[in-house]
Amino acid sequence: MNHLRKAAALAAAGALCLFAACGSLSLTPAAPTASPQPDTDAAAQARGGTLRLWLDEELAGARTAFDAYGQARGVTIEPADTADKADLALLAAPPKDGQGWQEPENLTLLPDLLAAQKLTAQNDAVPLGGAAWGYWAEKSTLTALLGSEFDPEDLRQASWKEWTAFAAAVEDWLAQPSARRVTLNGKAVTLPESRPAQLEGLSGVFAPAGEEGDIALYSPAAAAGGSLSQAAGAVYDLLELEAAHTAPGQGVGAVAGGTALFARAGSVQAAQLADPVLLPCKMPLTAANGTPTTQQLLAWPTAGTGAWAAIPTNGDAAQGEAALLWLYTSAAGRSALSAAGLAPITGAGAGAGGLAAERITSGECLAAAAVPEAAREALRTRPEPKAAFAAAFAG
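### Describing the overall build of the chain
- Tallying secondary structure elements over the chain gives 17 helices and 11 strands in all.
- The buried share of the chain, reckoned over its 395 residues, is 52%.
- Taking contacts inside the chain between residues at least 6 apart in sequence as the whole, the part at least 24 apart equals 76%.

Have a look at this one:
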C-alpha cells in the first residue's frame with residue numbers, strides 16, 4: 001500500500017469513528033468558508049530558520065508531519081529538550097491550566113485561523129487533529145489467517161462470545177495449525193490447514209498495550225450509560241482476555257513485526273502499519289442507557305482529539321504559528337497529518353471531507369480527563385480480584 005493510500009485509510013478511520021463514537025455527529029461537509037487571510041509579512045518571516053519542537057511521548061509518530069512541513073518551507077525541525085524550551089509543543093491533552101503558554105488570541109496568525117476554522121482553544125492549546133483508538137491489525141495478516149474473502153466488518157460486529165472464542169481458537173491454531181472453524185458476526189470462517197509463510201512469526205493474539213492504548217477502552221463508557229465505572233467489570237474481562245492470549249513485543253510495533261495479531265493503540269501509533277485495519281475493543285456489556293444500542297457502541301472505536309498544539313511563553317510564536325497555518329490550511333499539510341494518523345481538522349468544509357472543528361472539540365463525548373487517576377493506574381496493573389479493580393473506578 002503506498003503512502004497516499006495509507007494516509008487516506010488512517011484519515012478515514014479517524015473520520016468514521018469520530019462519527020461513530022458520539023453517535024449523533026455528522027461528517028458531511030458544510031458550505032465552504034473563506035480561508036483565513038493572515039498577516040503575510042509575519043508568515044514570510046517565519047519561513048526558513050528553525051522550529052524547536054516538543055512532542056509528548058505518545059505523539060512521537062506525529063513528527064513526520066512536521067518533517068514534511070520543514071521540507072516544504074525550508075525550516076529546520078529541532079527537537080526541544082523540554083516543552084518550555086520549544087517554539088511549539090504537541091500535547092496528548094490540553095494543559096491543566098494556561099500557565100506557561102502564549103494565549104492564542106494575542107498572537108498574530110492564530111486568531112484569524114481559529115475563527116475561520118471554528119476552533120476553540122482549551123487552556124491556550126488548540127486541537128490539531130482527530131484520532132481513533134481501538135485494536136489495530138495489519139490487513140495482510142488478517143487476510144493470511146482468515147482468507148481473501150473475509151470482511152473485517154465481521155470482526156467489528158462480532159459478539160463478545162464470538163470474540164473470546166476466536167482469540168482462543170487462534171491461540172490453539174498457533175500451537176497446532178489445522179483447518180478449524182470459527183464464527184464471527186454469525187458467519188463461519190475456516191482457519192488455514194497449515195501455517196502460511198506470511199504468519200511464520202505470529203506468536204500470539206494481543207500485543208501488550210502502552211498507556212496510549214488505554215484510551216481505546218473509554219468508548220464502552222457510552223455503552224454503560226456514560227460512566228466508565230459502570231463498565232469496570234467488563235473492562236477487567238477484556239484485560240484478562242488479552243493477558244490469556246498475549247504476544248511477545250509491545251504495541252503496534254509487534255503487529256508491524258508480525259508477532260501479534262492485534263494491538264490496542266491509537267491511530268498515531270498505527271501510522272507505522274502498511275495497511276492498517278481498526279477494530280473496536282470488545283467486552284461483555286449487555287445493557288445500554290438510551291440509544292444507540294450497546295451492540296452498536298461496541299462495534300465502534302473510541303474517537304476524539306488526538307493532539308493539541310500550544311506555543312510556550314518563551315517560544316518563537318512566528319515559527320509555531322507558521323507551522324500550524326501550513327498544517328491546518330494547505331493540502332500538503334492535511335495530507336501530512338493524515339499520514340501521521342491524525343484526521344485533519346479543516347473547519348467547516350475547508351477541503352474535501354473536512355471535519356468541522358466543533359464536531360471534535362464540543363462533540364468529544366469520551367474525554368480522558370474524566371477518568372480518575374486510580375482507574376488509569378488500575379488499567380496498567382489490573383489489581384486482583386475483580387472487585388478491587390472495579391473499586392478503582394468509583395472515584
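### Some remarks on a negative patch on the surface
- Taken together, the side chains of E57, E58, E211, E373 and E377 make up a negatively charged region of the molecular surface.
- Here E373 lies in helix α16 (residues 373-381).

### Some thoughts on the environment of P104
- By the secondary structure assignment, P104 is in the loop between β3 (88-91) and α4 (110-117).
- Measuring from C-alpha to C-alpha, the distance between P104 and A310 comes to 8.3 Å, with 206 residues separating the pair along the chain.
- With near-sequence residues (within four places) excluded, P104 lies in contact with L110, P111, L114, A121, D124 and V126.

### Details of the packing of helix α7 (residues 160-175) against helix α9 (residues 232-244)
- Across the interface, α7 lies against α9 with an axial gap of 10 Å and an inter-helix angle of 20°. The orientation of α7 with respect to α9, classified from their angle, is roughly parallel. Here α7 runs over α9; the crossing is left-handed. Residues W160, W163, T164 and A167 of α7 form the contact with α9, whose participating residues are D237, L238 and L241.

### What to know about the environment of N314
- Tracing the backbone shows N314 in the loop between β10 (302-310) and α13 (317-329).
- Separated by 230 residues in sequence, N314 and D84 have C-alpha atoms that sit 7.0 Å apart.
- Apart from the residues within four sequence positions on either side, N314 is in contact with R52 and D84.

Conventions used here
Residues numbered from 1 in each chain as written. Predicted model: local features only at pLDDT ≥ 70, side-chain atom pairs only at ≥ 80, totals over all residues. Heavy atoms only, no water. Helix = DSSP H or I, 4+ residues; strand = E, 2+ residues; numbered from the N terminus. Buried < 20%, exposed > 50% of the residue type's maximum accessible area, 1.4 Å probe, protein only. Contact = heavy atoms within 4.5 Å. Patch = residues over 30% accessible without salt bridge, like charges linked within 9 Å, V, L, I, M, F, W, Y side chains within 5 Å. Areas by Shrake-Rupley, 256 points an atom, 1.4 Å probe, with all protein chains shown as cover. Salt bridge = Lys/Arg side-chain N within 4 Å of Asp/Glu carboxyl O. Lys, Arg positive; Asp, Glu negative; His and termini not counted. Charge placed at Lys NZ, Arg CZ, Asp CG, Glu CD. Axes fitted to C-alpha atoms, helices over the stretch in contact; angles between N-to-C directions. Parallel < 35°, antiparallel > 145°, perpendicular 65-115°, else oblique. Left-handed = near helix turned anticlockwise from the far one by under 90°.

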